[in-house]
Amino acid sequence: QSELRKQLLDAFTNAGESYLSGQRLAELVGCSRTAVWKHIEELRKEGFELEAVRKKGYRIVKTPEKLTADEIMLGLTTCFIGKNIHYEESVESTQKIAHQLAAKNVPEGTVVIADEQRSGRGRMNRNWHSPKYTGIWMSLILRPNIPLSKAPQLTLLTAVAIVQAIEEITGITAEIKWPNDVLIQGRKITGILTELQAEADRIHSIIIGIGINVNQKKEDFPRELQEKASSLLIEKGTPVSRAEMIRSIFKHFEKLYLLYLDKGFFPIKLLWESYAISIGKILKARTLTEVIEGKALGITEEGVLKIEDASGTIHHVYSADIEL
Ligand code: BT5
C-alpha cells in the first residue's frame, strides 16, 4: 500500500510539470486505474492539490502546509537517505524514537521527523527548543562500519551537509562552530546531537539528531535565546519550505557520506575547514573537567580539535563548548 504511494509520488516527481494520465500512472506503478484514483483521492484529503485536465491527466500543483512524509518524498533524489520516513506530529524527542527503531534493525538512512518536540534534547541533557511547524526536528539512523572513535567525524560531516543545503536553498553561507553548531551572523541556526548504539568496539547504529530553526520569528524564541539563536526566515527575510530544505539535506548528506565511506575523513575535513569559523582564533573550550584557553590550530584526521595554550602546549579536545 505505502510502497504504491511512494511509486506514485516518484512518478509525479519524474514528470515534473507535465501531466500523467490515469492509464500511464497505472502502468508506472503496476496497479489498476481504480487503485490510482483511490490514492489520488487520499493525497487530496491530506492537502495535496492535484489538477486534473481532460485527455491529459493529473499533476500536483500544491503540497500541504503540514510536513508529511509524502511531501518530503515528492522530489527526493537520494538512494537510501530519507527513503524510509517515520513521521510524527508531536513527540518528546525524535532521538528517543530513532533509538527504538535502530534497535529493530530498520534500514540505514531511516529518518524520524516530527512537527514538534515536547522535550527536544541538546548535548548533556540540555533543552532544545522545538516549537510546532516552524523547524526541522529529525533523527537519522546510520550503520557505518567504522570504529567507535570515529563517530564524532559524522557530526562534522552532518554540519557540512547542512551548510551546503542552507546555501542551496537560501543562498546564505552559514558557518560551523566546532563541533556541532551551524551559525549565521554568529547566531545559532542548527544544533547536531550524535548518539550511538554499540557493543564493545562495534557500532550498531549512529543516530544523528538535527535541529534547524526554519520559520521562527524572533519573538517565537524564548527570551534567553533571542540574541543567541536565529532562523532561516529571520536571515533570509522570506519563509523557507521545510520539505525542500529536508530534501536538500538528504541529498548533500548522502553524497558526503558515500564519499566518506569510500575515501575516509580527509575530503570531509577539507570541506569542514573551509566553513569553520573557530580555526586560527583564540577561544575558550569548556570541557566537563576543565577550561582550556588558547588558539585553535585546527582539527585532526579524527575530527578532534587542537588548541595551543599560552605555554605552547597542544591540547586535544574531544568534546566541549566553545566560547569565541
Ligand atoms: C545541540 O546541543 O545543539 C544539539 C541539538 C540537537 C537537536 C535535535 S532536534 C532533533 C533531535 N531530537 C532531539 O531531541 N534533539 C535532536 P547543545 O550544543 O548542547 O546546545 C544546546 C543549547 O542550545 C541550549 O542549552 C540552548 O542554549 C540553545 N538552544 C536551545 N534550543 C535552541 C534553538 N531552537 N535554536 C538555537 N539554540 C537553541
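This one's a predicted model, so the numbers in the text were calculated from it and none came from an experiment.

(A) Structural view of the environment of Arg-143. Relative to the helices and strands, Arg-143 is located in the loop between β7 (135-142) and α6 (151-170). For Arg-143, a relative accessible area of 22% puts it in the partly exposed group. In this structure the C-alpha to C-alpha distance between Arg-143 and Ile-206, which are 63 residues apart in sequence, comes to 6.2 Å. Not counting chain neighbours up to four residues away, the residues in contact with Arg-143 comprise Ala-102, Asn-105, Val-106, Glu-108, His-204, Ser-205 and Tyr-257. A polar contact of 3.5 Å, which involves the side chain of Arg-143, links it to the backbone oxygen of Ala-102. Of the polar contacts made by the side chain of Arg-143, one reaches the backbone oxygen of Val-106; its length is 2.6 Å.

(B) Fine view of the domain arrangement of the protein. In terms of domains, the protein is made up of domain 1 (2-62), domain 2 (69-275) and domain 3 (282-323). Domain 2 and domain 3 are separated by 24 Å when their C-alpha centres are compared. Every contact between the two is made by 15 residues of domain 2 and, on the other side, 13 residues of domain 3. For the pair domain 2 and domain 3, the summed buried surface comes to about 1200 Å²; carbon and sulfur atoms form 54% of the total. In this assembly, domain 2 and domain 3 are joined by three salt bridges. When the shortest N-O distance is used, the salt bridge between Asp-321 and Arg-123 registers 2.5 Å.

(C) Representation of the site of the ligand in the model. The full set close to the ligand counts 26 residues, and Ser-93, Gln-117, Arg-121, Lys-188 and Asn-213 are the nearest of them. At a separation of 2.7 Å, an oxygen atom of the ligand approaches a polar backbone atom of Arg-121. The side chain of Asn-180 places a nitrogen or oxygen atom 3.2 Å from an oxygen atom of the ligand. In the complex, the protein chains occlude 92% of the 790 Å² of accessible area that the ligand would expose alone. Residues belonging to the shell around the ligand are distributed by class as follows: seven nonpolar, 14 polar and five charged.

Calculation notes
Residues numbered from 1 in each chain as written. Predicted model: local features only at pLDDT ≥ 70, side-chain atom pairs only at ≥ 80, totals over all residues. Heavy atoms only, no water. Helix = DSSP H or I, 4+ residues; strand = E, 2+ residues; numbered from the N terminus. Buried < 20%, exposed > 50% of the residue type's maximum accessible area, 1.4 Å probe, protein only. Contact = heavy atoms within 4.5 Å. Polar contact = N/O pair within 3.5 Å; in protein donor to acceptor, adjacent residues only side chain to side chain. Domains from an automatic or database assignment. Buried area = accessible area lost by both parts, 1.4 Å probe. Salt bridge = Lys/Arg side-chain N within 4 Å of Asp/Glu carboxyl O. Near = heavy atom within 4 Å. Areas by Shrake-Rupley, 256 points an atom, 1.4 Å probe, with all protein chains shown as cover. Nonpolar A, V, L, I, M, F, W, Y, C, P; charged D, E, K, R; others polar.

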